[in-house]
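Overview (structure and organization)
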Amino acid sequence: MTASPGEPVSDIADPGLSEAGRARIEWAQRGMPVLRLLARRFGQARPFTGCTLAACLHVTAETAGLVTALRAGGARVFLAASNPLSTQDDVAAALAASGAATVFARAGVDPAGYRALDSQPDLVVDDGGDLVNTLHAQRPELLSGVRGGCESTATGVIRLRRMAEEGALAFPMVATDATVTKQMFDNTRGTGQSVIDGVLRATNTLLDGRVVVVAGYGACGRGIADAARGLGARVIVTEVDPVRALDAVLAGFDVLPMAVAAPAGEVLITATGSRDVIGAELLPVLRDGAILANAGHFDVEIDTRALAAEAVKVTREVRPHTDEYLLADGRRLLLLAEGRVVNLVAAEGSPPQVMDVSFAGQALVLGWLAAGQPGLDPGVHAVPPGIEEEIARLTLESLGAAIDELTAAQREYLNSWRAGR
Ligand code: ADE
């Protein structure tokens, strides 16, 4: 993509990493058949011709698949990192070098979502709500030019709903997080596997027979609890929602209040979307050697300030992504990924086969928005049912699975209340 005069240019760590990034992206693309198909379709139909798209996402090889598909469809893409520690510098370099996007992402440097906004986007793609938030709070002059966008996390959708309730949201946002396909692939399987992957890469510890406390039993917590149990851990779930807690009980997990579970935990993983889930009050009761990890979008679920205040000594990186906090009574607590989203910092996030589904959903929703949806009011909208069904059909096909069709008699039977039994 050639920059027009005055247009922002890429800000990345090291352009020399582009070849390594290209190879990494190519590997991810092998596992993303649906997005490859959409890129081919977009290349023919060019649904994003004339569209400028600002995206604030984890800059990973899988995200490159989405960017490539949107670019193939004619979009000018401006990509900013949504998290300082999840950026893959080689991928950022490859994307910038190929011209697929203008990229603002350096590992370890605070995200600069606002820089993607300098492109004056008409569509936005957000992961956690920071881009939309910044747009409303700091760049209100751009709001009238934005036709809409999509949000891919539960945390971001919660924020958007609060904005919409206050009448503050200036354009339609589609909650791609809330689709059944995204929940079953990304939130449950992808997060479950990659969070445990992050814990294991960071600590190289055995999980068999160990007590793992999972805080939160939403789609992500369920996946983490299942993955930990699959590796032989004894899992305790904590919850504040009685229905989710009941679901965890039926799945065979012990469900206990955090104050009771925490002293037993050898590994404690938060996945609640809330704050101070492992707060100052728990620090005196945690076991020596307890491993603390967060899977939630923001680094507020473990009270890292309280941990730092209680520690008499902090040893950074006793292993990559593992910091050791020595307390006055001699106990050592191990904090992974500085309390940030462990699966994207200490591992590589959801694998390509999972992100294929999530990003295919976003690509289709963006195509739908780009086509113009004049009746869509500012607010939070569900993914249109036709799109969710298309994602499922394309993914089934890519997996070599096939389904049946109702016969005419079955359709009639299901559509009529007169048919009796
Ligand atoms: N969110 C979860 N996993 C991800 C990945 N691999 N790339 C981008 N965003 C993600």
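Reference entry: report on the structure contained in this document. Every chain begins its residue count from 1, and numbering advances along the sequence as written. In keeping with the model being predicted, local features are shown solely for residues with a pLDDT of at least 70 and side-chain atom pairs are shown and tallied solely at 80 or more, while totals for entire chains, interfaces and linings include all residues. Hydrogens and water molecules were not included; the side-chain quantities draw on all heavy atoms of the structure.

Considering the pairing of strand 8 (residues 211-215)
Along strand 8, 5 of the 5 residues are buried, which leaves the element largely enclosed by surrounding structure. Residues Val 211, Val 213 and Ala 215 point to one face of strand 8 and Val 212 and Val 214 to the other, with burial holding for every one of them. Two strands qualify as a pair provided that DSSP identifies no fewer than 2 bridges between them. Comment: elements are numbered from the N terminus, with helices defined as DSSP H or I runs of at least four residues and strands as E runs of at least two. In terms of strand pairing, strand 8 meets strand 9 (residues 234-238) through 5 bridges, oriented parallel. Across the sheet, Val 213 pairs through a bridge with Ile 236, a residue of strand 9. Once the chain exits strand 8 it traverses helix 9 (residues 219-230) before rejoining the sheet at strand 9, and the crossover so formed is right-handed. Only protein chains enter the calculation, and the probe is 1.4 Å; a residue is then buried if its accessible area is under 20% of its type maximum, exposed if over 50%, and partly exposed in between. Convention used here: a crossover is right-handed provided that the path from the first strand, over the helix, to the second strand proceeds clockwise when the strands point away from the viewer.

Comments concerning the sheet that holds strand 4 (residues 102-105)
The 8 strands are arranged 1-4-3-2-5-6-7-16 in an open sheet whose pairing can be described as parallel. Two strands close off the open sheet at either side, each with one partner strand: strand 1 (11-12) and strand 16 (379-381). Pairing analysis gives 4 bridges linking strand 5 (residues 123-126) to strand 6 (residues 148-151), with the strands arranged parallel. Of the residues in strand 6, the one forming a bridge with Leu 123 is Gly 148. Lying over the sheet, helix 7 (residues 154-165) contacts strand 6, strand 7 (172-175) and strand 16, oriented at roughly 135° with respect to strand 16. We call two residues in contact whenever any of their non-hydrogen atoms come within 4.5 Å of each other. Here an angle of 0 to 180 degrees is reported between the N-to-C directions of two axes, which are lines fitted to C-alpha atoms, with helices fitted over the stretch in contact.

Here we look at the nonpolar core
Leu 35, Leu 38, Phe 48, Leu 53, Leu 70, Leu 79 and Leu 95 are the most contacted members of the largest nonpolar core, which has 54 residues in total. Looking at which element gives the most residues to this core, the answer is helix 14 (residues 352-370), with 11 residues. Once residues lying within four places of it in the same chain are set aside, the contact partners of Leu 70 are Phe 48, Leu 53, Ala 75, Val 77, Ala 363 and Leu 366. Counting residues in each nonpolar core, the second largest holds 28 residues, with Leu 207, Val 212, Ile 269 and Ala 337 among its members. Put simply, buried Ala, Val, Leu, Ile, Met, Phe, Trp, Tyr and Cys residues joined by side-chain atoms within 4.5 Å make one nonpolar core.

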